[in-house]
Amino acid sequence: MSLPEVNALVRDNHIMVLAANENVLAQIEKGRWIGGTIPYFMDVEGGCMSNDKVFVTDLTHLVSDARIRRYDDRQLFGLTADRYRNGFSWLLVPGFSDIHFRFALDVNDYPGVFDAPLMGWITGVDLADIGKVSPKILDGESGQFYDNRAIALHCQLPDSKFAKLDIVNLFQQGDGDIITFPESGFSATQCMVNGEKMIFADYLKQHKIDTRLPLVANYSGAMINISIQQVDDGKVSFYAPVVKNQVYKFAMPVKDYVTDFKKLIPKSTANVVGACNCILNYLYSDLEGKKTGALTGPFTFGEIAYVLVNQTLSVLSVEYLV
Amino acid sequence: MIPNSSHQLWNDLLTEKHQPTLSSLSLQMKLNALKFAVKYNKISLDEAIEDLYRFCANNAHMYQKDVNTIFNLS
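Remember, it's a predicted structure, so these values are computed and weren't measured experimentally.

How each quantity is defined
Residues numbered from 1 in each chain as written. Chains lettered and ligands numbered in written order. Predicted model: local features only at pLDDT ≥ 70, side-chain atom pairs only at ≥ 80, totals over all residues. Heavy atoms only, no water. Helix = DSSP H or I, 4+ residues; strand = E, 2+ residues; numbered from the N terminus. Polar contact = N/O pair within 3.5 Å; in protein donor to acceptor, adjacent residues only side chain to side chain. Contact = heavy atoms within 4.5 Å. Buried area = accessible area lost by both parts, 1.4 Å probe. Salt bridge = Lys/Arg side-chain N within 4 Å of Asp/Glu carboxyl O. Pairing = 2+ DSSP bridges. Axes fitted to C-alpha atoms, helices over the stretch in contact; angles between N-to-C directions. Parallel < 35°, antiparallel > 145°, perpendicular 65-115°, else oblique. Nonpolar A, V, L, I, M, F, W, Y, C, P; charged D, E, K, R; others polar.

> Describe in detail the environment of Tyr203(A), supporting the description with residues and values.
All names here are of chain A. Of note, Tyr203 is situated in helix 4 (residues 200-206). For Tyr203 and Ser2, which are 201 residues apart along the polypeptide, the C-alpha to C-alpha distance reads 48 Å. At 2.7 Å, the side chain of Tyr203 forms a polar contact with the side chain of Asp177.

Take a look at the structure:
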């Protein structure tokens, strides 16, 4: 949407999650919305970058109530207490911030975290601006930007409806080595490969691992990806934390992302409220200008599907109770 | 209908003796978290069974299909 179109919705008191670059978000009037910086989108016309458009997820006609809450890294643990009895929460977290790391490491321990959908994404910037400009969230009610706070839009649903969160992940565990890590974290030096202690960076080099492929953990059937950010001086950094003692395997390669993606996305998107996909899928699969079906949303620096995941599409739906 | 927490398959599910294919992401995540907690002695197996049972019972509209799969119900 264009800026005037979005501001018209704001004036009409719409409840929204907005994604755009920082300059655009700064021009949106105060209202019942939260925003995150990101200029990459999966549009109905295909993957694109835009410095003047806003991606709008309008929840107004779906929810019976909503509240916006900001959190610092100490308060975030209490996020689940702010939810409605029936509903969902949409969380935006600024990329590369302390709260990004805190969230990812602690979210599994949030009380009742799996009791209601926790959807969201990690905010980002133009890839050319990484290290120069910090990703941010924006509180629409106050008009304030933050690069060290997370923001949630907690939404209440009428009792006739319920929310459901799914992921679409093209990656499956390959049939290679079993890899575990002695500590949880966004980086690792040591690992265990089939029970043998190794330097993880050495393992990657010796086995000529394609580091565009994520590590994949099997969470009782859900494939959860951890992507490799860089290998530097013997230390391997990740875009989401590896979990101590969780079993990982490198993913099987995906031959044709667009074709495989279209096969996996839901046949009907009538109940879909919102989605987000990973910037790494945009980059590694060269999705600019390529149509990936009816699901639209931002390409983000990390997807939240209860926990932080990588190279994954998160999809939130709302359905009627039968 | 959610089988009572005394049903053996809750135990088998958490100890990975029974590994059905589940479809609900939240149930998969919850189950994984509980298996981990039991494996590393954060909670007892009995506590995990009760927690998982309550989780499914409180959200039966979401998990009935998976519960049917777990317990071979039609």
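There's plenty left to go through after this.
> Before we move on, could you go through the interface of chain B and chain A and cite the residues and values that matter?
A common way to state how big an interface is: give the accessible area lost once the parts meet. With 17 residues of chain B at the interface, the matching set in chain A holds 22 residues. Between chain B and chain A, the buried area comes to about 1,600 Å², and carbon and sulfur atoms account for 64% of it. Linking chain B with chain A are 0 salt bridges. Inspection of the chain B/chain A interface yields 2 residue pairs in polar contact (both at pLDDT 80 or more). Among the elements of the structure, helix 2 (25-39) and helix 4 (60-70) of chain B are those that each provide at least two residues to the side of chain B that touches chain A.

> Which residues make up the sheet that holds strand 20 (residues 235-242) of chain A, and what values go with them?
By definition, the strands of a sheet pair up through backbone hydrogen bonds, in either a parallel or an antiparallel sense. Residues and elements named next belong to chain A. Ordered by their spatial adjacency, 3 strands build an open sheet running 14-20-19, and the pairing between neighbours is antiparallel. Either end of the sheet is taken by a strand with one partner, and the two such strands are strand 14 (185-188) and strand 19 (228-232). Looking at each pair of strands side by side, their axes are set apart by 20° on average, direction ignored. Packing against the sheet, helix 3 (residues 98-106) makes contact with strand 14 and strand 20, and its axis sits at approximately 90° to strand 14.

> Before we move on, could you go through the packing of helix 2 of chain B against helix 3 (residues 45-58) of chain B and cite the residues and values that matter?
Residue and element names in this part refer to chain B. The geometry of helix 2 relative to helix 3 is characterised by a closest axis approach of 9 Å and an angle of 170° between their N-to-C directions. Comparing their axes, helix 3 and helix 2 come out roughly antiparallel. Each of Ser26, Leu27, Lys30, Leu31, Leu34 and Val38 in helix 2 lies in contact with helix 3, whose residues at this interface are Leu45, Ala48, Asp51, Leu52, Phe55 and Cys56. Split by residue class, the contact of helix 2 with helix 3 holds 9 nonpolar, 1 polar and 2 charged.

> Give a detailed account of the sheet that holds strand 9 (residues 137-139) of chain A, specifying residues and quantitative values.
Residues and elements named next belong to chain A. Pairing in this open sheet of 5 strands is mixed, and the strands run 5-1-2-9-10 from one edge to the other. For this open sheet the edge positions go to strand 5 (55-58) and strand 10 (144-146), each flanked by a neighbour on one side alone. Strand-to-strand twist of the sheet, defined as the mean angle between neighbouring strand axes without regard to direction, takes the value 20°. Direction of pairing for strand 9 relative to strand 10: antiparallel, over a ladder of 3 bridges. Across the sheet, the residue bridging to Asp139 is Gln144, located in strand 10. Packed on one face of the sheet, helix 1 (residues 3-11) meets strand 1 (16-20), strand 2 (33-37) and strand 5 and runs near 160° to strand 1.

> Account for the pattern of salt bridges, naming residues and giving values.
All names here are of chain A. Inspection of every chain in the model, using the stated rule, returns 13 salt bridges over all chains. The salt bridge involving Asp210 is made with Arg212; its shortest N-O contact spans 3.1 Å. Between Lys263 and Asp260 there is a salt bridge whose closest N-O contact spans 4.0 Å. Linking Lys263 with Asp260, this pair stays in helix 5 (residues 257-264), spanning 3 residues, or about one helical turn. Ionic contacts of the salt-bridge type, sharing partners, join the residues Lys164, Asp166 and Glu319 into one network.

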